[in-house]
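Okay, here's what each chain looks like letter by letter:
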Amino acid sequence: MRDSRETFVNHAFVTGYPVKHSRSPLIHGYWLKQLGLEGSYRTHEVAPEAFFDFIVSLRNGQSGYVGGNVTIPHKELAFTLADRPDELSDEIGAANTLWVEDGLVHATNTDGHGFTANLDERCPGWDGADTAVVLGAGGASRAVIQAVRDRGIKTIHVINRTQARAQELADRFGAAVHAQPMQALSEAMTDAGLFINTTSLGMDGSEAPDIDFTVMRPGSVVTDIVYVPLKTPILQQAEEQGFPIVDGLGMLLHQAVPGFEKWFGKRPEVDSTLRQIIIDDMARHA
Ligand code: ATR
């Protein structure tokens, strides 16, 4: 009898609209090769009006996929349509990782894991801060706020241009989270131990506001979830003012780990070669 485990090849996807610029195939392709696995991981563009049918095709096995990643603009819909969203994705209201089990589509959100694993790798002890400041209240800030709260940071100030959006997140994520207007930035940063930019300010070389980081505790970690450019204007300023900085590329790499393990059965490592592959790709498309 043939052992089906020897011949079974798993296929996974990243879906979005558009999705052709996704770097996820580079990440998963690297790990498949490194671990000597026979699976595949590819982009699968799905228009919003076709997303429901795509989920159905996952559920009934017609797609041939064991699961995959979901990116903009499908993260909320993926959560809504999944049969078994987990608690993390339920609180965020969006999913970035799907897998099929017993004919049901399961969903989670690994962005928060990516965020904390990046800081754990680059700045161990970052979670000793009592107070964190999160700049931005968009979709990307949700997983960050959840992750920081779940690591036990007692006070989280969410500062946003549109304060109502910050308030919505404070209501969603509980008593540790406080919504503040932009004018309160300096006050909120005073004596804080962690600063996180989740806005698009400074992305792709655009303008960023001047920020005085020196009101924070000495040695406070400053991080940005944007990774294009790798050293954003906000990180540049923090570094010039003497603060340790962590760029956002590691978050992209680490958020991919749990999905890979689900689909292909082995937990991969984020290493410096993988990081360099993405940096080289960024340079090619600069
Ligand atoms: P994402 O899902 O990537 O977080 P988003 O939901 O569009 O994207 O959120 C972008 C974030 O950047 C928001 O916090 C946004 O502030 P508003 O909620 O007030 O729109 C913030 N942002 C974008 N451009 C900005 C600017 N020029 N000044 C201040 N904040 C800005």
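As the structure is a computational prediction, the values presented were derived from the model and not from experiment. (Residues numbered from 1 in each chain as written. Predicted model: local features only at pLDDT ≥ 70, side-chain atom pairs only at ≥ 80, totals over all residues. Heavy atoms only, no water.)

Describing the site of the ligand
- Around the ligand sit 13 residues, and of these Ala-137, Asn-160, Arg-161, Thr-162 and Arg-165 come closest.
- Here an oxygen atom of the ligand sits 3.2 Å away from a polar atom, N or O, in the main chain of Gly-139.
- Residue Thr-162 places a side-chain N or O atom 2.5 Å away from an oxygen atom belonging to the ligand.
- Class assignment of the residues belonging to the shell around the ligand gives a composition of four nonpolar, seven polar and two charged. (Near = heavy atom within 4 Å. Polar contact = N/O pair within 3.5 Å; in protein donor to acceptor, adjacent residues only side chain to side chain. Nonpolar A, V, L, I, M, F, W, Y, C, P; charged D, E, K, R; others polar.)

Considering the sheet that holds strand E8 (residues 155-160)
- Taken in spatial order, the six strands make up an open sheet running E9-E8-E7-E10-E11-E12, and their pairing is parallel. Edge strands, defined here as strands with exactly one partner in the open sheet, are strand E9 (177-181) and strand E12 (245-246).
- Bridging between strand E11 (residues 221-224) and E12 involves two bridges; their strand directions are parallel. Within E12, the position partnered with Val-222 by the bridge is Ile-245.
- Each of strand E7 (131-135), E8, E9 and strand E10 (194-197) touches helix H7 (residues 139-150); the most contacted strand, E8, lies at about 165 degrees to it. (Pairing = 2+ DSSP bridges. Helix = DSSP H or I, 4+ residues; strand = E, 2+ residues; numbered from the N terminus. Contact = heavy atoms within 4.5 Å. Axes fitted to C-alpha atoms, helices over the stretch in contact; angles between N-to-C directions.)

Quick word on the sheet that holds strand E6 (residues 104-108)
- Judged by pairing direction, the sheet is mixed, and its six strands sit side by side in the order E2-E1-E3-E5-E6-E4 without closing on themselves. The open sheet is flanked by strand E2 (40-43) and strand E4 (84-85), the only strands paired with a single partner.
- One ladder, built from three bridges, connects strand E3 (residues 67-70) with strand E5 (residues 97-101); its direction is antiparallel. Among the inter-strand pairings, Gly-67 is bridged to a residue of E5, identified as Trp-99.
- Its contacts with the sheet put helix H2 (residues 24-34) on strand E1 (11-15), E2 and E3, and the angle it makes with E2 is roughly 170 degrees.

Digging into the domain arrangement of the chain
- Each assigned domain of the chain is listed with its residue range as follows: domain 1 (10-110 + 256-284) and domain 2 (112-248).
- A straight line from the C-alpha centre of domain 1 to that of domain 2 covers 26 Å.
- Summed over both partners, the interface of domain 1 with domain 2 buries about 1,100 Å², with 47% contributed by carbon and sulfur atoms.
- Between the two partners, domain 1 and domain 2, sit two salt bridges.
- Its salt-bridge partner being Arg-149, residue Glu-91 comes within 2.7 Å of it at the nearest N-O pair. (Domains from an automatic or database assignment. Buried area = accessible area lost by both parts, 1.4 Å probe. Salt bridge = Lys/Arg side-chain N within 4 Å of Asp/Glu carboxyl O.)

Comments concerning the packing of H2 against helix H13 (residues 272-284)
- Between H2 and H13, the least distance of the axes is 10 Å, while the angle of their chain directions is 145 degrees. For the element pair H2 and H13, the recorded crossing hand is right-handed. Facing H2, whose interface residues are Leu-26, Ile-27, Tyr-30 and Trp-31, H13 presents Thr-273, Leu-274, Ile-277, Ile-278 and Asp-281. (Left-handed = near helix turned anticlockwise from the far one by under 90°.)

Re the nonpolar core
- Judged by nonpolar contacts, the single largest core of 26 residues is most densely connected at Phe-115, Val-148, Ile-153, Val-158, Leu-194 and Ile-196.
- If one sorts the elements of this core by residue count, helix H8 (residues 163-173) sits on top with four residues.
- Other than its neighbours up to four places away in sequence, Ile-196 contacts Phe-115, Val-133, Val-134, Leu-135, Val-144, Val-148, Thr-223 and Ile-225.
- Counting residues in each nonpolar core, the second largest holds 22 residues, with Leu-32, Leu-252, Phe-264 and Val-270 among its members. (Core = buried A, V, L, I, M, F, W, Y, C linked by side-chain atoms within 4.5 Å. Buried < 20%, exposed > 50% of the residue type's maximum accessible area, 1.4 Å probe, protein only.)

With respect to the confidence of the model for the chain
- When pLDDT is averaged across the chain, the result is 95; 97% of the residues are at 70 or more.
- Note on residues 1-6: pLDDT is under 50 here. Beyond four places in sequence and across chains, it has one contact. (pLDDT = per-residue confidence, 0-100.)

Describing the pattern of salt bridges
- All told, the structure shown has 13 salt bridges when counted by the stated rule.
- In this structure, the salt-bridge partner of Lys-231 is Glu-239, at a minimum N-O distance of 2.8 Å.
- The class of Lys-231 is partly exposed, set by a relative accessible area of 37%.
- For Glu-239, a relative accessible area of 36% corresponds to the partly exposed category.
- Residue Arg-284 pairs with Asp-281 through a salt bridge whose shortest N-O separation is 3.5 Å.

Side note on the packing of aromatic side chains
- Scanning the model with the defined rule gives eleven aromatic pairs in all.
- Counting every residue linked through ring pairs, the aromatic cluster contains Trp-31, Tyr-41, Phe-260, Trp-263 and Phe-264.
- Cation over ring: Lys-262 sits above Trp-99, and NZ or CZ is 4.5 Å from the ring centre. (Phe/Tyr/Trp six-rings, centres within 6.5 Å; stacked < 30°, edge-to-face > 60°. Lys NZ or Arg CZ within 6 Å of the ring centre and 35° of its normal.)

A short note on unusual backbone geometry
- Here the residue pair Ile-72 and Pro-73 is connected by a cis peptide bond, since its omega of 5 degrees sits within 30 degrees of zero.
- Along the polypeptide, Pro-73 turns up in the loop between E3 and helix H4 (75-81).
- Residue Pro-229 is bonded to the preceding Val-228 through a cis peptide linkage, with omega at 0 degrees.
- Within the secondary structure layout, Pro-229 lies in the loop between E11 and helix H10 (233-240).
- With a phi angle near 70 degrees, Asp-191 is a residue other than glycine that sits in the positive phi range.
- Classification of Asp-191 by relative accessible area gives partly exposed; the value is 47%.

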